[in-house]
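Fold and contact review
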Amino acid sequence: MKIVHIINSLASGGAEKLLLDTIPVYREKGFEVDLLVLNGTPSPFMQALKETGCCSIYSLGLKSVYNPIQIFKLIPFLKKYDIAQVHLFPSQYWVVLAKLLSFSKIKLLLTEHNSTNPRLENRFIAVIDRLFYRFYDKVVCVSNEISNTFKNYTGIRESKFVVIENGIDLKKIHAAKPYFKNEISILFNAQDFVMIQVARFDKQKDQETVINSLKYLPESVKLILVGEGVFKTKCQELVEQLQLQERVSFLGLRMDVLQLLKTADVVVLSSRYEGLSLSSIEGMASGKPFVASDVSGLQEIVSGAGILFRQGEAKDLANKIESLRTNEAHYQETVNSCLKRSEQYDIQLMVEKHIHLYQTIV
């Protein structure tokens, strides 16, 4: 059985990180799983996957993932594999059109990573969008909520949907070693209480709320922001406006996220919505308290384990952080609950479920 994962690029993002982590595991289990990207611009994730030597990586070579020429470049690849598992728009459109034009017999899977996207809110596009879903043999949703959303949205039969929750490599996280805080940034010392958020900088992730929470916290509370994206400059300007330059460190895209999580005192995710966030699971598995916004996609994972705050309310987040900082028993209880919850999301279990699905549809 030959499987290819198809995605826009291997830049930063949860879906991209998921492929980086899972493709080597499929290979360890004896399955031939390769990767095809529409835009093969070099990135840390791409380099890390290449260094594993576990798979073939193909790039269609076009910088714009929206160029319809992608359709014709995909056709030769669809004839080489038994299954294509597709991630994100517009890859999900181009693959369907390539299959129709080539009369390929390849089986198509689509993975839905988020409970919302701009197409759901555009009535004209939604009509076209629903049509494309009908050409997929299965739609893999990373949470029950996402599954329910797209069942209602597409109107296609329920049996076409499968829920397989994302997973993380728990052994790798538990084995990661922390840095000394001053190794990360000269802004930090051993006595500082450090928050960390790992997320791309876009509207969904709302780093502004975490930055604003520092206004209500002692100066010894500091913040690490890991990631890149279009909103990064806006967040840097906010830090300057609030005169927090000595308390916030922007680290960019990093490949040592596990060590950074182990170094921080609290892991935060302030998203406006999520699918099933790998960052949240890694945060809970890191041995540090995990604090997240009380929104769709995070409530289900965090409730009863980590701590939820009202989305967009910086003062409420600050209160939750201060409670952890000043109450050692509360801090340790939260750590223990988060570790226990994270055990439900082992990457090995996720991969086994996908393998079973592949065997079912071929």
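Residues numbered from 1 in each chain as written. Predicted model: local features only at pLDDT ≥ 70, side-chain atom pairs only at ≥ 80, totals over all residues. Heavy atoms only, no water.

**Looking at the nonpolar core**
Put simply, the rule is: By convention a nonpolar core is built from buried Ala, Val, Leu, Ile, Met, Phe, Trp, Tyr and Cys residues, the set being connected through side-chain atoms within 4.5 Å. Burial here depends on accessible area, computed with a 1.4 Å probe over protein chains only, as a share of the maximum for the residue type. Under 20% is buried, over 50% is exposed, and the range in between is partly exposed. What makes two residues a contact is simply this: any of their non-hydrogen atoms within 4.5 Å.
By size, the foremost hydrophobic cluster in this structure holds 99 residues, and its most contacted members are Leu74 and Ile196. Filtering out sequence-adjacent residues up to four positions away, isoleucine 196 remains in contact with Leu223, Ile224, Val226, Leu260, Leu261, Ala264, Val266, Val267 and Val268. With 26 residues, the next largest nonpolar core counts Met195, Val210, Cys235 and Val239 among its residues.

**Comments concerning the packing of helix α3 (residues 69-78) against helix α4 (residues 91-102)**
Basically, it comes down to this: Angles shown run from 0 to 180 degrees and are taken between the N-to-C directions of axes, each axis being a line fitted to C-alpha atoms and, for helices, limited to the stretch in contact. Secondary structure counts use DSSP, requiring at least four H or I residues in a row for a helix and at least two E residues in a row for a strand, with both numbered from the N terminus. Any angle between 65 and 115 degrees counts as roughly perpendicular, while under 35 counts as roughly parallel, over 145 as roughly antiparallel, and the rest as oblique. Two helices cross in a left-handed way if the nearer one is turned anticlockwise from the farther one by less than a right angle. They cross in a right-handed way if the turn is clockwise. When residue character is reported, Ala, Val, Leu, Ile, Met, Phe, Trp, Tyr, Cys and Pro are called nonpolar, Asp, Glu, Lys and Arg charged, and the others, Gly included, polar.
Running from N to C, α3 and α4 point in directions that differ by 65 degrees, and their axes come no closer than 8 Å. Considered as vectors, α3 and α4 are oriented roughly perpendicular to each other. Considering the relative orientation of α3 and α4, their crossing is right-handed. Of the residues in α4, those in contact with Gln70, Ile71, Phe72, Leu74, Ile75 and Leu78 of α3 are Trp94, Val95, Leu97, Ala98, Lys99, Leu101 and Ser102. Taken together, the residues of the contact of α3 with α4 break down into ten nonpolar, two polar and one charged.

**A closer look at a nonpolar patch on the surface**
How we decide: Patch rule: a residue counts if its relative accessible area is over 30% and it has no salt bridge; like charges are joined within 9 Å, and nonpolar side chains (Val, Leu, Ile, Met, Phe, Trp, Tyr) within 5 Å. Each accessible area is a Shrake-Rupley result for a 1.4 Å probe, and residues are judged covered by the shown protein chains and nothing else. The term salt bridge refers to a pairing of a side-chain nitrogen on Lys or Arg with a carboxyl oxygen on Asp or Glu at a separation within 4 Å.
A cluster of nonpolar side chains, namely Phe124, Ile125, Val127 and Ile128, defines an oily patch on the protein surface of about 380 Å² accessible area. Secondary-structure assignment places phenylalanine 124 in helix α5 (residues 123-133). Residue phenylalanine 124 is classed as exposed on the basis of its relative accessible area, which comes to 63%.

**Here we look at the sheet that holds strand β10 (residues 248-252)**
Quick note on the threshold: We treat two strands as partners when DSSP finds at least two bridges between them.
Spatially, the six strands line up as an open sheet ordered β10-β9-β8-β11-β12-β13, and their pairing is parallel. Looking at strand neighbours, the two that pair on one side only are β10 and β13 (307-309), the edges of this open sheet. Direction aside, neighbouring strands of the sheet carry axes that sit 25 degrees apart on average. Where strand β8 (residues 193-198) meets strand β9 (residues 221-226), six bridges bridge the pair, whose relative direction is parallel. Bridge pairing in β9 links valine 194 to lysine 222.

**Things to note about the side chain of lysine 160**
Filter applied, for reference: In summary, the charge assignment counts Lys and Arg as positive and Asp and Glu as negative, without counting His or the chain termini. Definition of a polar contact: a pair of N or O atoms within 3.5 Å, with one able to donate and the other able to accept a hydrogen when the atoms are protein atoms, and with sequence-neighbouring residues admitted only if both atoms are side-chain atoms.
With respect to the helices, strands and loops of the structure, lysine 160 is situated in the loop between α6 (144-154) and β7 (161-163). For the buried lysine 160, no salt bridge exists, and the shortest N-O distance to an oppositely charged side chain is 6.8 Å, to aspartate 137. Within polar-contact distance, the side chain of lysine 160 engages the backbone oxygen of tyrosine 136 at 3.0 Å.

**Side note on helix α14 (residues 314-326)**
Put simply, the rule reads: For a helix, the expected span equals 1.5 Å multiplied by the number of residues minus one.
Look at α14: 18 Å from first C-alpha to last across 13 residues, which is about the 18 Å you get at 1.5 Å a residue. All of the buried residues along α14 are Ala314, Asp316, Leu317, Ala318, Ile321 and Leu324. Those residues of α14 hidden inside the fold are in contact with β8, α9 (207-213), β11 (266-269), β12 (290-293), β13 and α15 (328-342).

**Notes on α4**
Residues spaced three or four apart along an α-helix point in a common direction, a consequence of the helix completing one turn every 3.6 residues. Taking 1.5 Å per residue as the helical rise, α4 with its twelve residues ought to reach 16 Å, and the 16 Å between its terminal C-alpha atoms agrees with that figure. Most of α4 is tucked away: nine of the twelve residues are buried. Listed as buried for α4 are Ser91, Gln92, Tyr93, Trp94, Val95, Val96, Ala98, Lys99 and Ser102. On the buried face of α4, the contacting elements are β1 (2-7), α3, β4 (83-87), β5 (107-112) and α5.

**Looking at the pairing of β1**
Most of β1 is tucked away, with five of its six residues classed as buried. In this structure, β1 lies alongside strand β2 (residues 32-37), joined through six bridges in parallel fashion. Within β2, the residue paired with isoleucine 7 across the bridge is valine 37. In this sheet, β4 lies alongside β1 in parallel orientation, the contact comprising four bridges. Each residue of the ladder has a partner; that of valine 4, found in β4, is alanine 84.

**Here's the deal with the environment of glutamate 32**
With respect to the helices and strands, the residue glutamate 32 is situated in strand β2. Looking at glutamate 32, the relative accessible area reads 31%, which means it is partly exposed. Between the C-alpha atoms of glutamate 32 and leucine 60, which are 28 residues apart in sequence, the distance is 20 Å. What glutamate 32 contacts, discounting residues up to four positions off in sequence, is Met1, Lys2, Ile3 and Arg27.

Keep in mind that these numbers describe shape and distance, not what the molecule does.
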